[in-house]
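Summary of the model geometry
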Amino acid sequence: MAFPDHGIVIRVLDFLESNPDLEERFFRKVRKYSHGCWTFTGSRGGDGYGYFFIPELKCQIAAHRFSYLLEYGVLPEGLLVLHECDNKPCVRPDHLFLGTWKDNMVDKTNKGRNNAPAGMRNGGACLTDSQVMEIFSSTSTVIQLSEKFGISRSHVSAIRCGHVWKHLQHFNDRSKPKRKLPVGATLSKLVEDEVLEIRHLHSTGLWTYRSLGEEFAVSEITVANICKRRTWKHI
Ligand SMILES: [Zn+2]
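Residues numbered from 1 in each chain as written. Predicted model: local features only at pLDDT ≥ 70, side-chain atom pairs only at ≥ 80, totals over all residues.

**Quick notes on the overall build of the protein chain**
We apply this condition: Here a helix means four or more residues in a row that DSSP labels H or I, a strand means two or more in a row labelled E, and each is numbered from the N terminus. Exposure classes come from backbone-placed C-beta atoms, where a residue is buried if 20 or more other C-beta atoms lie within 10 Å of its own, exposed if 12 or fewer do, and partly exposed in between.
From N to C terminus, the protein chain includes 12 helices and six strands. By residue count, 32% of the 235 residues in the protein chain fall in the buried class.

Take a look at the structure:
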């Protein structure tokens, strides 16, 4: 299932600006379960995803992608909207997160291997508020946190960036990175694990070189060199 729909995404965003009732039209086709998924009840594609048709634009957009767009206002080109709940017609924003094709494959493999009850597998749906706060304040790496809570790395990043769990973001202290060094101090030396994490985070499209530099207490140029593989070529 490919979503080479960036042109459509741009048109839909434009259209939404002058037609705010589109949101209401969309949610007329959504059944919300208070403690679970929000199921799109409109047309369903052969791939199992819901599709929302917009007659004025003579086009349709995958329902979960439209819902992500409504909630967050962005959908970077080339990224997929993945389901924490593994339920394709679900359009509940806090069950959705951005990821790459690779994340999608890893996510599917992890879900397939995991024999925990469905509820426990759906990390995004089942994190408690206090676990989310722990993710905000923890100095552990994204990789360590994704293993600890059984959620994808992208989801950890999305939590830290404030793309999900918005109602708790006032507790999010990530704007004051724990590792940030005092002015004048030498920049820190990275270890391999951190370099891999920087590359992974950059690939999600949610982090800029600058925000990664602040996060890891290194310069923006160091981050750019790592991501472009000018340095740390051996890993
Ligand atoms: Zn769901």
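From this point, the discussion proceeds with the structure in view.
**What to know about the environment of leucine 145**
Heads up, the rule is: Two residues qualify as being in contact provided that their C-beta atoms, derived from the backbone, are within 7 Å of each other.
In this structure, leucine 145 sits in helix H8 (residues 142-149). Given 20 C-beta atoms within a 10 Å radius, leucine 145 is considered buried. Separated by 11 residues in the primary sequence, leucine 145 and glutamate 134 place their C-alpha atoms 9.4 Å from one another. Other than its neighbours up to four places away in sequence, leucine 145 contacts Ile135, Ser138, Ser140 and Val156.

**Notes on helix H9 (residues 153-161)**
In terms of burial, H9 is largely enclosed, as eight of its nine residues are buried. By the burial criterion, the buried members of H9 are Arg153, Ser154, His155, Val156, Ser157, Ala158, Ile159 and Arg160. At the C-terminal side of H9, glycine 162 shows a positive phi close to 85 degrees.

**Brief notes about the environment of threonine 231**
You can see threonine 231 is positioned in the segment after helix H12 (220-227). Judged by local crowding, threonine 231 falls into the partly exposed class, with 14 C-beta atoms found within 10 Å. With 36 residues separating them along the chain, threonine 231 and valine 195 place their C-alpha atoms 9.7 Å apart.

**Notes on the pairing of strand E6 (residues 96-99)**
In plain terms, the rule: We treat two strands as partners when DSSP finds at least two bridges between them.
Side chains Leu96 and Leu98 project from E6 onto one buried face, and the interleaved Phe97 and Gly99 project onto a second face that is buried too. Sheet topology note: the strand E5 (residues 80-83)/E6 ladder contains four bridges and is antiparallel. Pairing of valine 81 across the sheet is with leucine 98, part of E6.

**Considering the confidence of the model for the protein chain**
Rule in force here: Scored from 0 to 100, pLDDT records how confident the predictor is in each individual residue.
The share of residues in the protein chain with pLDDT of 70 or more is 83%, and the mean pLDDT across the chain is 79. Between the elements of the protein chain, mean pLDDT differs from a low of 36, seen in helix H5 (residues 118-121), to a high of 95, seen in helix H2 (residues 21-27). The low-confidence segment residues 113-125 (pLDDT under 50) makes 23 contacts with residues lying over four places distant or belonging to another chain. Contacts for the low-pLDDT stretch residues 175-186, under 50 throughout, to residues beyond four places or in other chains number 12 contacts.

**Quick look at the pairing of strand E4 (residues 59-62)**
In the sheet, strand E3 (residues 51-54) pairs with E4 via four bridges, with the strands oriented antiparallel. Across the sheet, the residue bridging to isoleucine 54 is cysteine 59, located in E4. Hairpin remark: E3 followed by E4, antiparallel, with four residues in the connecting loop; positive phi at lysine 58, about 50 degrees.

**Considering unusual backbone geometry**
The backbone of lysine 58 shows a phi angle near 50 degrees, a positive value even though the residue is not glycine. At arginine 229, a residue that is not glycine, the phi angle is positive and equals roughly 60 degrees. Structurally, arginine 229 is set in the segment after H12.

**Some remarks on the packing of helix H7 (residues 129-137) against H9**
Operational definition: An axis is simply a line fitted to the C-alpha atoms; with a helix, the fit covers only the stretch in contact. Between two such axes, the angle follows the N-to-C directions and lies from 0 to 180 degrees. Each angle gets one of four labels, with under 35 degrees taken as roughly parallel, over 145 as roughly antiparallel, 65 to 115 as roughly perpendicular, and the rest as oblique. Here the nonpolar group is Ala, Val, Leu, Ile, Met, Phe, Trp, Tyr, Cys and Pro; Asp, Glu, Lys and Arg are the charged ones; every other residue, Gly included, is treated as polar.
Running from N to C, H7 and H9 point in directions that differ by 80 degrees, and their axes come no closer than 9 Å. The angle between the axes of H7 and H9 places the two elements in the roughly perpendicular class. The residues of H9 that touch H7, namely those facing Val132, Ile135 and Phe136, are Val156, Ile159 and Arg160. Among the residues forming the contact of H7 with H9, the class breakdown is five nonpolar, no polar and one charged.

**Some thoughts on the environment of cysteine 37**
Following the sequence through the fold, cysteine 37 ends up in the loop between strand E1 (30-32) and strand E2 (38-40). For cysteine 37, a count of 20 C-beta atoms within 10 Å puts it in the buried group. A C-alpha to C-alpha distance of 6.0 Å links cysteine 37 and arginine 92, two positions 55 residues apart in sequence. When near neighbours in sequence (up to four residues on either side) are disregarded, cysteine 37 contacts Cys85, Asn87, Cys90, Arg92 and His95.

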